[in-house]
Amino acid sequence: MLVAFSVAPSGPESMHEAVAAAVKVVRESGLPNHTDAMFTTIEGEWDEVMDVVKRATEAVGEYGNRVSLVLKADIRPGHTGELTGKVERVEAVLDGSS
């Protein structure tokens, strides 16, 4: 499954430090991941992905007393490599090789 999520503290705390704490949890998980300006996307099995999201959310919670979490999931059993595979298929269409 792929999970794209965004997590942020509410309040005057440093947003970039809190987000960095969440991204650190994701990167240390060892799961395939990608972070951009809006979301971090991770790929793995249901339980391992949700555990990482929970721990990343808890890390952000250290920066305030309230946390906002936005999550979107693509649950497709039996498929792996979709973190890059989806983008590669779109790029192939755009460059005319598909």
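Above this text sits the structure in question.
Everything quoted here is computed from the prediction, not taken from an experiment.

About the thresholds
- Residues numbered from 1 in each chain as written.
- Predicted model: local features only at pLDDT ≥ 70, side-chain atom pairs only at ≥ 80, totals over all residues.
- Heavy atoms only, no water.
- Helix = DSSP H or I, 4+ residues; strand = E, 2+ residues; numbered from the N terminus.
- Buried < 20%, exposed > 50% of the residue type's maximum accessible area, 1.4 Å probe, protein only.
- Contact = heavy atoms within 4.5 Å.
- Areas by Shrake-Rupley, 256 points an atom, 1.4 Å probe, with all protein chains shown as cover.
- Lys, Arg positive; Asp, Glu negative; His and termini not counted.
- Charge placed at Lys NZ, Arg CZ, Asp CG, Glu CD.
- Salt bridge = Lys/Arg side-chain N within 4 Å of Asp/Glu carboxyl O.
- Pairing = 2+ DSSP bridges.
- Axes fitted to C-alpha atoms, helices over the stretch in contact; angles between N-to-C directions.
- Polar contact = N/O pair within 3.5 Å; in protein donor to acceptor, adjacent residues only side chain to side chain.
- Core = buried A, V, L, I, M, F, W, Y, C linked by side-chain atoms within 4.5 Å.

**Q** Describe the overall build of the chain, with residues and values.
**A** When its secondary structure is counted, the chain shows three helices and four strands. Helices (α) and strands (β) of the chain occur, in sequence order from the N terminus, as β-α-β-β-α-β-α. Along the longest, intermediate and shortest principal axes, the C-alpha atoms of the chain span 50 × 25 × 20 Å. When each of the 98 residues of the chain is scored for burial, the buried share is 32%. In the chain, 69% of the contacts between residues at least 6 apart in sequence involve partners at least 24 apart. With an accessible surface of roughly 6,400 Å², the chain has 54% of that area assigned to carbon and sulfur atoms. When the 9 basic and 16 acidic side-chain charges of the chain are each reduced to a single mean position, those positions are 3 Å apart.

**Q** Which residues make up the pattern of salt bridges, and what values go with them?
**A** The final tally for this structure, using the stated rule, is five salt bridges. Salt-bridge contacts for Lys86 lead to Asp74; the nearest nitrogen and oxygen are separated by 2.4 Å. A residue pair is termed long-range when its members are at least 10 positions apart, and Lys86 in helix 3 (residues 82-94) and Asp74 in strand 4 (residues 67-74) qualify at twelve residues. Residue Lys86 is classed as partly exposed on the basis of its relative accessible area, which comes to 35%. With a shortest N-O distance of 3.5 Å, Glu82 and Arg76 are connected by a salt bridge. Looking at Glu82, the relative accessible area reads 11%, which means it is buried.

**Q** Which residues make up the sheet that holds strand 4, and what values go with them?
**A** Judged by pairing direction, the sheet is antiparallel, and its four strands sit side by side in the order 2-3-1-4 without closing on themselves. Of all strands in the sheet, those with a lone pairing partner are strand 2 (33-35) and strand 4, marking the two edges. Put simply, the sheet's adjacent strands are angled 15° from each other on average, direction ignored. In this structure, strand 1 (residues 2-9) lies alongside strand 3 (residues 40-43), joined through four bridges in antiparallel fashion. Bridge pairing links Val3 to Ile42 in strand 3.

**Q** How would you sum up the side chain of Thr40? Please name residues and give values.
**A** Here Thr40 is to be found in strand 3. Only 3.0 Å separates the side chain of Thr40 from the side chain of Thr35, close enough to count as a polar contact. Those residues within four positions of Thr40 in sequence are excluded, and the remaining contacts are Val3, Ala4, Phe5, Val23, Val26, His34 and Thr35.

**Q** How would you explain the nonpolar core if you had to name every residue and give the values?
**A** Within the largest apolar cluster, 17 residues are counted, with the highest numbers of intra-cluster contacts made by Val3, Phe5, Ile42, Val49 and Val52. Here this core takes six residues from helix 2 (residues 46-61), the largest share from any one element. With near-sequence residues (within four places) excluded, Val3 lies in contact with Thr40, Thr41, Ile42, Val49, Met50, Val53, Leu71, Lys72 and Ala73.

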